[in-house]
Amino acid sequence: GPGPALLPPAEDTEDQDADEEAGGGGGGVPPVTIRWARITCALKNKRGEVARFLLSNVSGEAKPGRLLALMGPSGSGKTTLLNVLAGQLSASPSLHLSGHLYVNGRPMSKGGYKIAYVRQEDLFFSQLTVRETLSLAAELQLPDTMAPERKDSYINDLLLRLGLVNCADSIVGDAKVRGISGGEKKRLALACELIASPSVIFADEPTTGLDAFQAEKVMETLRKLAEYGHTVICSIHQPRGSVYSKFDDIVLLSEGEVVYMGPAKEEPLSYFASLGLLFFTHLVPCILLFFSFVVLVSVNISRYQCPDHMNPAEFLADLISVDYSSAETVQSSRKRIENLIEAFANKVAISEVTNSTTKPEGSEFSAKLVQKSTKKQRRAKVAAINTAMAALTKTVGVFPKERAIVDRERAKGSYALGPYLSSKLLAEIPIGAAFPLIFGSILYPMAKLHPTFSRFVKFCSIVTVESFAASAMGLTVGAMAPTTEAAMALGPSLMTVFIVFGGYYVNPDNTPVIFRWIPRISLIRWAFQGLCINEFKGLQFEQQHSYDIQTGEQALERFSLGGIKIADTLVAQGRILMFWYWSTYLLLKKNRPKYQPLLPPSEKGQNK
Ligand SMILES: Nc1ncnc2c1ncn2[C@@H]1O[C@H](COP(=O)(O)OP(=O)(O)OP(=O)(O)O)[C@@H](O)[C@H]1O
């Protein structure tokens, strides 16, 4: 029977011209674009609570003249989505289906277009020939007023287009009586569906059970139908490379969520390879791009880069499948998939916000929510980076010169290193604190951060401690570098590494094992985390769906920044500050001016 209606329910159902005559040879079908947004299919338990989501917040588009493949591991929801798009999800009291489905911009319930649905199992009368099967379908589907000769020529045309001429007079057969091949059966099923000249063709796993050659022929048929103007949507588990190359668009599903939706072929490969490299467009200190590039490219190549000569479909399938070989692989692959889903959701949210013309109702809410959280996060990032960079450049710009004077005085024995450093630090506290406080006082209200005094005080404390830590780092760099120019090149380079691993560009949980130590010693990361906690903690978001973020704590968890207090981030900053002061002390001690000792003349030399 008909499946559950999509919510919100349709208004009026327009009468449609049911007797529309099929065009000869199936040509000239009306073009149909299908758009779906926020499709969620929940499975409820006996108490009526959501037990799991078969589809969660799925959006996408299928266009006429294009072949769209729904790809994903077994159980990822391909068939469920296909059924929803075809309006043929079997009704069940345990299912709840919601979302938006538009056909040529109008709600699907208004009808006015024809679909064909080729199911996984082929159901035919085994004793009929291919031509008889088609004739029967034509008698049932074409108008009675159509002349028999026209029907025959229509059938001949279909046999030709679907490559069934050679087996036209063979019986279909079944398990007991050998008939046509599996691929031919699939194409016959397509031919039967095409009689009514559908605009949209749905095919559920059309290549399942077929050998590679037959599978390719079936897919080639679907691709030709797309070229002919039909909108073709098929689900497929893991196609071989030659089949994958026939797709125009793909939707990658994993556990009911979209990991990628868009053009097929090279696009998804470059999308996954580029994940994490977006930061280049935001990062201001460009002089350090090269170093960051090396670091990030090594991160990405090792993770999401499709190796040369690998079947892209196989690569994509591996990327979005849970690896059940051990407990660790299950955990790490789940984490990877979660991150990919999140990355794609953010991408969609941003394009939904920027592209208001195609914005479907209901998408606004979550897009705004994501945008709001991202804005808050971005402001915390700007504050953390700006404070650190300003303090660092201020210090490395002057310290190497000051060091020359200090070296001279130390050589003269005017003062020792310990008293010099401690008096310098003490003397610089007021001026060192003034800058972040002024910066904070101006930025805080302008950036519309949390409008309470206690949060403002915490904000100023975090940026002040960070500013001191960055200054201390500048001292170490100044103590290490031979000249001011060298210090100016080295300091921001080092800071860029800390920025990259500071929690905004590379998620701390997603950092490769060999780089895990960097976020721990990154003053940017602790400041950023502290600022995010200060901003998000205690927030309540309006919630439209059960899976939307409800609280600031949940948002922090999603950014992998939760689980600790602001005080912990300040302590971590304090440790980093002490580390840099201590390094400066040791470096200055080690690099104290050394003069050539005047040795007593040797006997030999004296004689000369
Ligand atoms: N009516 C239903 N009641 C309960 N669970 C369902 C129902 N329909 C689908 N499911 C479950 O939803 C999940 C997705 O099913 P679906 O058939 O859409 O996956 P699929 O990606 O097409 O998998 P396959 O490639 O194995 O056919 C599966 O875990 C399935 O058991």
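Residues numbered from 1 in each chain as written. Predicted model: local features only at pLDDT ≥ 70, side-chain atom pairs only at ≥ 80, totals over all residues. Heavy atoms only, no water.

- By the naming in an unreviewed UniProt entry, the protein is ABC transporter domain-containing protein, taken from Eleusine coracana subsp. coracana.
- Heading Subcellular location (unreviewed entry) of the UniProt record for the protein holds this comment: "Membrane". (UniProt positions renumbered as here; feature names shortened; annotations may be inferred.)

**Looking at the overall build of the protein**
Moving on, step 1. Looking only at helices and strands, one finds 19 helices and ten strands in the protein.
Moving on, step 2. Out of the 608 residues belonging to the protein, those deemed buried represent 48%.
Moving on, step 3. Partitioning the intrachain contacts of the protein with sequence separation of at least 6 by distance along the chain shows that 73% fall at a separation of at least 24.
Moving on, step 4. As displayed, the protein offers around 30100 Å² of accessible surface, 58% of which is attributable to carbon and sulfur atoms. (Helix = DSSP H or I, 4+ residues; strand = E, 2+ residues; numbered from the N terminus. Buried < 20%, exposed > 50% of the residue type's maximum accessible area, 1.4 Å probe, protein only. Contact = heavy atoms within 4.5 Å. Areas by Shrake-Rupley, 256 points an atom, 1.4 Å probe, with all protein chains shown as cover.)

**Comments concerning the pairing of strand β3 (residues 67-71)**
Moving on, step 1. Of all five residues in β3, five are buried; the element is thus mostly enclosed.
Moving on, step 2. Residue alternation in β3 divides its side chains into two sets, L67, A69 and M71 and L68 and L70, and both sets are buried.
Moving on, step 3. Two strands pair when backbone bridges link them, and β3 and strand β8 (residues 231-236) are joined in this way by five bridges, in the parallel orientation. Bridge assignment links L68 to a residue of β8, and that residue is I233.
Moving on, step 4. Across four bridges, β3 lies against strand β9 (residues 249-254) in parallel orientation. Bridge assignment links A69 to a residue of β9, and that residue is I250. (Pairing = 2+ DSSP bridges.)

**Here's the deal with the environment of S325**
Moving on, step 1. Within the secondary structure, S325 sits in the loop between α9 (312-319) and α10 (327-354).
Moving on, step 2. On the accessibility criterion, S325 (58% relative accessible area) is exposed.
Moving on, step 3. One polar contact links S325 to D323, side chain to side chain, over a distance of 2.6 Å.
Moving on, step 4. A distance of 3.3 Å separates polar atoms of two side chains, one belonging to S325 and the other to T329. (Polar contact = N/O pair within 3.5 Å; in protein donor to acceptor, adjacent residues only side chain to side chain.)

**Comments concerning the sheet that holds β9**
Two modes of strand pairing occur in sheets, parallel and antiparallel, and in both the strands are linked by backbone hydrogen bonds.
Moving on, step 1. Overall, mixed pairing links the six strands, which are arranged β6-β7-β8-β3-β9-β10 in an open sheet. The two strands at the open ends of the sheet, each matched to only one other strand, are β6 (115-118) and β10 (257-263). Going across the sheet, the axis of each strand differs from the next one's by a mean of 15 degrees, ignoring polarity.
Moving on, step 2. For β6 and strand β7 (residues 200-204), the ladder comprises four bridges, and the chain directions are parallel. Opposite Y117, over in β7, you have F202 as the bridge partner.
Moving on, step 3. Contacting β3, β6, β7, β8 and β9, helix α1 (residues 78-85) crosses the sheet at an angle of about 155 degrees to β8.
Moving on, step 4. Against the sheet, helix α4 (residues 182-194) touches β6 and β7, its axis set at about 160 degrees to β6. (Axes fitted to C-alpha atoms, helices over the stretch in contact; angles between N-to-C directions.)

**Regarding the side chain of S59**
Moving on, step 1. Mapped onto the secondary structure, S59 falls in strand β2 (residues 50-62).
Moving on, step 2. A polar side-chain atom of S59 sits 3.0 Å from the main-chain amide nitrogen of R38.

**A closer look at the sheet that holds β2**
Moving on, step 1. Pairing within the open sheet is antiparallel, and its four strands lie in the order β2-β1-β4-β5. The two strands at the open ends of the sheet, each matched to only one other strand, are β2 and β5 (106-107).
Moving on, step 2. Sheet topology note: the strand β1 (residues 34-44)/β2 ladder contains eight bridges and is antiparallel. Its bridge partner being in β2, L43 is matched across the sheet by R52.

**Focus: the packing of aromatic side chains**
Pairs of aromatic rings are described using the distance from one ring centre to the other and the angle between the two planes.
Moving on, step 1. Within the structure shown, the criterion is met by 15 aromatic pairs.
Moving on, step 2. Plain terms: the ring middles of Y260 and F272 are 6.1 Å apart, the flat faces sit at 50 degrees to each other, and that makes the pair tilted. Taken together, the residues Y260 in strand β10 and F272 in helix α7 (residues 266-274) connect sequence positions twelve residues apart.
Moving on, step 3. Overall, the relative accessible area of 3% leaves Y260 in the buried class.
Moving on, step 4. In this structure F272 comes out as buried when scored by relative accessible area, which is 0%.
Moving on, step 5. Aromatic rings pair up to connect Y260, Y271, F272 and F344 into one cluster.
Moving on, step 6. For R119, the ring lying beneath its charged end belongs to Y117, and the centroid distance is 4.1 Å.
Moving on, step 7. The ring of W526 carries the charged tip of R525 above its face, separated from the ring centre by 4.0 Å. (Phe/Tyr/Trp six-rings, centres within 6.5 Å; stacked < 30°, edge-to-face > 60°. Lys NZ or Arg CZ within 6 Å of the ring centre and 35° of its normal.)

**As for the side chain of K186**
Moving on, step 1. Position of K186 relative to the elements: it lies in helix α4.
Moving on, step 2. K186 gets classed as buried once you look at its relative accessible area, which sits at 3%.
Moving on, step 3. Ignoring sequence-local partners within four residues, the contact set of K186 consists of V118, R119, Q120, D122, E205, P206 and V218.

**A look at the site of the ligand**
Moving on, step 1. Every one of the 13 residues lining the ligand counts as a neighbour, but S74, G75, K78, T79 and T80 are closest to it.
Moving on, step 2. Contacts to the ligand include G77, whose backbone N or O atom sits 3.0 Å from an oxygen atom.
Moving on, step 3. Between E205 and the ligand, the recorded distance is 3.1 Å, taken from a side-chain N or O atom to an oxygen atom.
Moving on, step 4. With the chains in place, 63% of the 630 Å² that the ligand exposes on its own is no longer accessible.
Moving on, step 5. Here the shell around the ligand gets three residues from one element, more than from any other, and that element is α1.
Moving on, step 6. In terms of residue class, the shell around the ligand is built from four nonpolar, six polar and three charged. (Near = heavy atom within 4 Å. Nonpolar A, V, L, I, M, F, W, Y, C, P; charged D, E, K, R; others polar.)

**Concerning the nonpolar core**
Moving on, step 1. W36, L222, I233, F247, I250 and F272 are the most contacted members of the largest nonpolar core, which has 92 residues in total.
Moving on, step 2. Considering each element in turn, this core owes the most residues, six residues, to α4.
Moving on, step 3. If we ignore the near neighbours within four places in the chain, the residues touching I250 are L68, A69, M71, Y244, Y260, M261, G262, P263, A264, P268 and L316.
Moving on, step 4. Listed in part, the 64 residues of the second largest apolar core include V463, V506, L531 and C532. (Core = buried A, V, L, I, M, F, W, Y, C linked by side-chain atoms within 4.5 Å.)

**Side note on the UniProt feature "transmembrane region" (unreviewed entry) in the protein**
Moving on, step 1. UniProt marks residues 271-297, 382-400, 425-444, 456-480 and 486-506 with the feature "transmembrane region" (unreviewed entry), using the numbering shown here.
Moving on, step 2. Along residues 382-400 one finds 100% helix and 0% strand; the C-alpha atoms at either end are 28 Å apart.
Moving on, step 3. Measuring from the first to the last C-alpha atom of residues 486-506 gives 28 Å, for a span that is 71% helix and 0% strand.

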